[in-house]
Amino acid sequence: MALNTSAEAPLPVGEVSRLIGGWIDRLGAIWVEGQITQLSRRPGAGVVFLTLRDPSYDISVSVTCYRQVFDAVADVVSEGARVVVLAKPEWYAPRGQLSLRAAEIRPVGVGELLARLEQLKKALAAEGLFAAERKKPLPFLPQLIGLVCGRASAAERDVLENARHRWPAVRFEVRNVAVQGVHAVPQVVQAVKDLDAIDDVDVIIVARGGGSVEDLLPFSDEQLVRAVAACRTPVVSAIGHEPDNPLLDHVADVRASTPTDAAKKAVPDVGEEYERVRMLRDRARRCVEAFIEREERGLAHALARPSIEDPHRMIDERADHVASLLDRGRRTLGHLLDRADSELRHTHARVVALSPAATLQRGYAVLQKADGQVVRDPGEVTADEALRARVAEGEFSVRVDT
């Protein structure tokens, strides 16, 4: 397409655009791979507009296709999907714009893998592997941390340096593995199982630096997800950067946005803990001092009470009262005894006056038969009957005279 032009004989823009279009029209259909970054499907329109991007070089090209071509893959293709397109280059002369007219679209690469991963994610979630109630809390101060990472990687350095800076006494059991490629999954799974089998390991951190979607795919493998779900040791996922979200993040007990964040979540900061201890100690001291002051005030108030200040005063006051009651009781009892004695003497006098002995003292005698019966009527005795006569000073025998 060499042309003889010069500053004096330039080609018009339209001619240049026409020539470029003619050269592009001679190109045949080609297969193009890229990632869909923009997708426009206007209702009722017969043409679908796409933007296909090469993520490695940050280059994009417009793609158009008929609606029926896109409808064939509409269920599995969306923005962000990686696809392979059979298209013919086209040149739009009025705007000097290159585009591709697609005759066939096939999902492939990450786009297809992401679709599969989304299906896997839903299946594992349905099993309950991502449930919040399965998450185990991290220990407050782990003594030994298991670390799974790439050899001499930035992720390893970030975790070790930040953790030891926060808590210098922390120890690590490091397992260096492949973190991408075909060997990544089996090595990571084995490392996690080995660390979980060590009783002294309190936390396991799986760490990897940033990377493309393809680089992080091993950390969405079903085998690894199930291995982490079966761990008895709490697991921290620290894969890539904040936007990255492999399936390991969902099954892990704690998700860290970066390896540095994983170190911060795994161990406390010694400075912060010292400050917390100081604050708690001051708070405890204030509480104890307030308690002692309150008790001292209560004790002083109790000691100021009359019963405590002079405990014998109440006894003395009660002693006078008791003595008064005692004297009153004695007087009352004396009066009762005197009255009872007087009544007793009067009763005794009446009894004595009315007794048979008193009658006998006045010279009377009582006659009794041999059986002790008192004689009251002369007809009760017979001539020459022996009787007993009882007088005041004794008794004697008498005989009835006819």
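Refer to the structure printed above.
The notes below deal with the structure included here. (Residues numbered from 1 in each chain as written. Predicted model: local features only at pLDDT ≥ 70, side-chain atom pairs only at ≥ 80, totals over all residues. Heavy atoms only, no water.)

**Focus: the side chain of Asp-261**
Here's step 1: Residue position: Asp-261 is located in helix H8 (residues 259-266).
Here's step 2: For Asp-261, a relative accessible area of 18% puts it in the buried group.
Here's step 3: Apart from the residues within four sequence positions on either side, Asp-261 is in contact with Arg-255 and Ala-256. (Helix = DSSP H or I, 4+ residues; strand = E, 2+ residues; numbered from the N terminus. Buried < 20%, exposed > 50% of the residue type's maximum accessible area, 1.4 Å probe, protein only. Contact = heavy atoms within 4.5 Å.)

**Quick notes on the packing of aromatic side chains**
Here's step 1: This structure, assessed with the given rule, holds 0 aromatic pairs.
Here's step 2: Against the face of Tyr-66 rests Arg-101, its NZ or CZ located 5.1 Å from the ring centre. (Phe/Tyr/Trp six-rings, centres within 6.5 Å; stacked < 30°, edge-to-face > 60°. Lys NZ or Arg CZ within 6 Å of the ring centre and 35° of its normal.)

**Considering the sheet that holds strand E1 (residues 30-40)**
Here's step 1: Read around the barrel, 5 strands follow the order E1-E2-E3-E5-E4 and close on themselves; strand pairing throughout is mixed. Averaged over all adjacent pairs, the angle separating strand axes in this sheet is 55°, with direction ignored.
Here's step 2: Here E1 runs beside strand E2 (residues 47-54); their pairing, made up of 5 bridges, is antiparallel. Pairing of Ile-36 across the sheet is with Leu-52, part of E2.
Here's step 3: Strand contacts of helix H1 (residues 13-25): strand E4 (82-92) and strand E5 (97-107), with the helix running at about 135° to E4, the strand carrying the most contacts. (Pairing = 2+ DSSP bridges. Axes fitted to C-alpha atoms, helices over the stretch in contact; angles between N-to-C directions.)

**Quick word on the packing of helix H4 (residues 154-166) against H8**
Here's step 1: As a packed pair, H4 and H8 sit with axes 8 Å apart at the nearest point and diverge in direction by 30°. By the angle between their axes, H4 is roughly parallel relative to H8. Note on packing geometry: the crossing formed by H4 with H8 is right-handed. Along the contact surface, H4 presents Ala-155, Asp-158, Val-159, Asn-162, Ala-163 and Arg-166, while H8 presents Pro-259, Thr-260, Ala-263 and Lys-264.
Here's step 2: For the contact of H4 with H8, the residue count by class is 5 nonpolar, 2 polar and 3 charged. (Parallel < 35°, antiparallel > 145°, perpendicular 65-115°, else oblique. Left-handed = near helix turned anticlockwise from the far one by under 90°. Nonpolar A, V, L, I, M, F, W, Y, C, P; charged D, E, K, R; others polar.)

**Describing the packing of helix H5 (residues 184-196) against helix H6 (residues 222-229)**
Relative orientation and spacing of two packed helices are given, respectively, by the angle between their axes and the distance between those axes.
Here's step 1: For the pair H5 and H6, the least separation of the axes is 9 Å and the interaxial angle reads 5°. For the element pair H5 / H6, the angle class is roughly parallel. Packed against H5, whose contacting residues are Val-185, Val-188, Val-189, Val-192 and Lys-193, the element H6 presents Gln-223, Leu-224, Ala-227 and Val-228 at the interface.
Here's step 2: Split into classes, the residues belonging to the contact of H5 with H6 amount to 7 nonpolar, 1 polar and 1 charged.

**Observations regarding a negative patch on the surface**
Here's step 1: Where like charges cluster on the molecular surface, the negative patch consists of Glu-309, Asp-310, Asp-316, Glu-317 and Asp-320.
Here's step 2: No other element matches the 3 residues that helix H11 (residues 311-354) contributes to the negative patch.
Here's step 3: Inspection of the secondary structure puts Asp-310 in the loop between helix H10 (306-309) and H11. (Patch = residues over 30% accessible without salt bridge, like charges linked within 9 Å, V, L, I, M, F, W, Y side chains within 5 Å. Areas by Shrake-Rupley, 256 points an atom, 1.4 Å probe, with all protein chains shown as cover. Salt bridge = Lys/Arg side-chain N within 4 Å of Asp/Glu carboxyl O. Lys, Arg positive; Asp, Glu negative; His and termini not counted. Charge placed at Lys NZ, Arg CZ, Asp CG, Glu CD.)

**Structural notes on the pairing of E4**
Here's step 1: Where E1 meets E4, 6 bridges bridge the pair, whose relative direction is antiparallel. Across the sheet, residue Gly-34 finds its bridge partner in E4, namely Val-83.
Here's step 2: Taking the residues that link successive antiparallel strands as the turn, the E4-E5 hairpin has 4 residues, and the phi of Gly-96 there is positive, at about 60°.

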